[in-house]
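Spelled out from the first residue to the last, the chains are:
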Amino acid sequence: NLSALSLLQFPFGRRLPCDIYWHGVSFHDSNIFSGQVNKFPGMTETVRKITLSRAMRTMRDLFPLEYNFYPRSWILPEELPLFVAEVRTMKDSNPSWKPTFIVKPDGGCQGDGIYLIKDPSDIRLTGSIQSRPAVVQEYICKPLLVDKLKFDIRLYVLLKSLEPLEIYIAKDGLSRFCTEPYQEPTLKNLHQVFMHLTNYSLNIHSGNFIHSASANTGSKRTFSSILCRLSSRGADVKKLWSDIISLVIKTIIALTPELKVYYQSDIPAGKPGPTCFQILGFDILLMKDLKPVLLEVNANPSMRIEHEQELSPGVFENVPSPVDEKVKVAVIRDTLRLMDPQKKKRKDTQSGGALTALSWSPVPRVTPESWHVLCVLSGMAQPMNKLISKNQISCSLEDSPERAPGASEEPLDAVPGPEAALPSLCLKQVFPKYARHFSYLRLVDRVAALFIRFLGVKGTTKLGPTGFRTFIRNCKLSNSNFSMAAVDILYIDITRRWNSMGIDHKESGMCLQAFVEAFFCLAQKKYKALPLHKQVLSLLELCECRLAAVPGKRLVWGCG
């Protein structure tokens, strides 16, 4: 419970500042000026299907082999003609290719509005596609099956810090099963959602859904039980786990540039404000060859640890879900342990130390599923009138013996005091632990740093024409072949096109994605003989070198 973590809870807030604020939905649930908040500003917008697809496409353009774990995607409605043309070209070059595609509404959740098609002409071109943009992706037709059923994996990832980047992955997750035996998609079975869609919120309405108290049976199981089953069949589980860690790190690297723009807008440098952390839900599908494929990232993964059971028509009872309890309680408990600001003080004093103040959002703002887990952690009464034992929240996957120098991953059991009785951490640090393997991918991060530097006005997320011209001048990118008039035309053309896509009309100017496109364009003009990632790297090094020589006052003046 929370006393074991040396935490005092304030479910309705308090007048004095708290150390940790636990918001139910977003960073903006309430105005916070200090401490730590469990949401990043802009995270919900950043992981929406369209924004995620754009970010992954940018990274795939730079590093095609490293980012082949995300399905090929097209954005509707603006890329519908491109989608039709590319599918026609692929079919002409390979007449035997019989693709299936999946259409997902941009803001959809819990399987809402998702459907499968065999041909671009099958897209439902109603008024809703204009008012509700969507992503269409290649459907994975050959997934790994267990008990003849398709399933996906929900893994919980803690983004502990954005700068410096620090990522943890839970050692266990959930495996969520379809409820009808899988068959490759045909025109006859495309509509059978219980066969093709793994969403728990859909399959729970199937007559075949099985609620199980066991971790390795039923329609929702632990991921560790699947790994044990694969290992017994001779599968290379260590490689699979390594591939999943790689997928998670690369995905976070793709998302951080956009997050940093939102972060500086809500929490400008030099002004008082909280630090942020967030638990994300990664939905991953395994192919037959055990290659992991990213389906989507959820900014507010469900933390519900029980399900409703109908006792009689219209009468429901909340029933505990042991599988959910085992995974989710450990994730939240250990997130609080990692974020505890008093931890270092307790280590230094070798005593119980001060209690950390923890504030939940007011009840109306806390999602029911989050509240259930927090009640279990704090020992509050539950409808099931039951608390969780230490054995129930232990983790299944053994930690890797490898440890990065200085990594803050040692178990907290070594700390004297009440926390010594807790299990070892179920969250495994993967970044910066493995940073040396992935740092070369962070090119767009550096482009975003340039973008933020020239924004000029604190609190904005878009670059005006003066800021763009100042960037060109300070980096000395204009010349006889690329005049300032050409700079203005480049700015206007790219900004106008991105604004026409419906990207945030709250403020005018060039968004980060538009600036990245302009930067890539400049890099291709200047370094024509190199592959794209080397073009971008070369221009980055040139800009950073020239900006290092620019006096600070001159730069600020140039930004207005």
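Just so it is clear, the model here is predicted, and its values are computed rather than measured. (Residues numbered from 1 in each chain as written. Predicted model: local features only at pLDDT ≥ 70, side-chain atom pairs only at ≥ 80, totals over all residues. Heavy atoms only, no water.)

## Regarding the pairing of strand 9 (residues 149–161)
Right, so step 1: Most of strand 9 sits out of view: 13 of its 13 residues are buried.
Right, so step 2: In this structure, strand 8 (residues 145–146) lies alongside strand 9, joined through 2 bridges in antiparallel fashion. Its bridge partner lying in strand 9, Val146 is registered against Leu149.
Right, so step 3: Taking the residues that link successive antiparallel strands as the turn, the strand 8-strand 9 hairpin has 2 residues, and the phi of Asp147 there is positive, at about 55°.
Right, so step 4: The sheet contact formed by strand 9 and strand 11 (residues 174–177) spans 4 bridges and is antiparallel. Counted as the bridge partner of Phe151 is Phe177 from strand 11.
Right, so step 5: Of the pairings in the sheet, the one linking strand 9 to strand 14 (residues 278–286) comprises 7 bridges and is antiparallel in character. Its bridge partner being in strand 14, Leu159 is matched across the sheet by Gln278.
Right, so step 6: Relative to strand 10 (residues 166–170), strand 9 runs antiparallel, the two being bridged by 4 bridges. Bridge pairing links Leu159 to Ile167 in strand 10.
Right, so step 7: Linkage of strand 9 to strand 10, two consecutive antiparallel strands, is achieved through a turn of 4 residues. (Buried < 20%, exposed > 50% of the residue type's maximum accessible area, 1.4 Å probe, protein only. Helix = DSSP H or I, 4+ residues; strand = E, 2+ residues; numbered from the N terminus. Pairing = 2+ DSSP bridges.)

## Points about the sheet that holds strand 6 (residues 115–117)
Right, so step 1: With respect to topology, 4 strands assemble into an open sheet ordered 4-7-5-6, the strand pairing being antiparallel. Two strands in the sheet have a free side with no partner beyond their single neighbour: strand 4 (73–76) and strand 6. With direction set aside, neighbouring strand axes in the sheet form an average angle of 25°.
Right, so step 2: The pairing of strand 5 (residues 101–105) with strand 7 (residues 134–138) spans 5 bridges and is classified as antiparallel. Across the sheet, the residue bridging to Pro105 is Ala134, located in strand 7.
Right, so step 3: Helix-sheet contacts for helix 2 (residues 49–62) involve strand 4, strand 5 and strand 7, and the interaxial angle to strand 4 is about 135°.
Right, so step 4: Helix 3 (residues 80–93) contacts strand 4, strand 5, strand 6 and strand 7 of the sheet and is inclined by roughly 145° relative to strand 4. (Axes fitted to C-alpha atoms, helices over the stretch in contact; angles between N-to-C directions. Contact = heavy atoms within 4.5 Å.)

## Let's talk about the packing of helix 7 (residues 223–232) against helix 8 (residues 237–266)
Right, so step 1: Where helix 7 contacts helix 8, the axes come no closer than 10 Å and their chain directions differ by 140°. Here helix 7 is positioned oblique relative to helix 8, judged by the angle of their axes. Note on element contacts: helix 8 touches helix 7 through Val237, Leu240, Trp241 and Ile244, opposite Phe223, Leu227, Leu230 and Ser231.
Right, so step 2: Here the contact of helix 7 with helix 8 is composed, by residue class, of 7 nonpolar, 1 polar and no charged. (Parallel < 35°, antiparallel > 145°, perpendicular 65-115°, else oblique. Nonpolar A, V, L, I, M, F, W, Y, C, P; charged D, E, K, R; others polar.)

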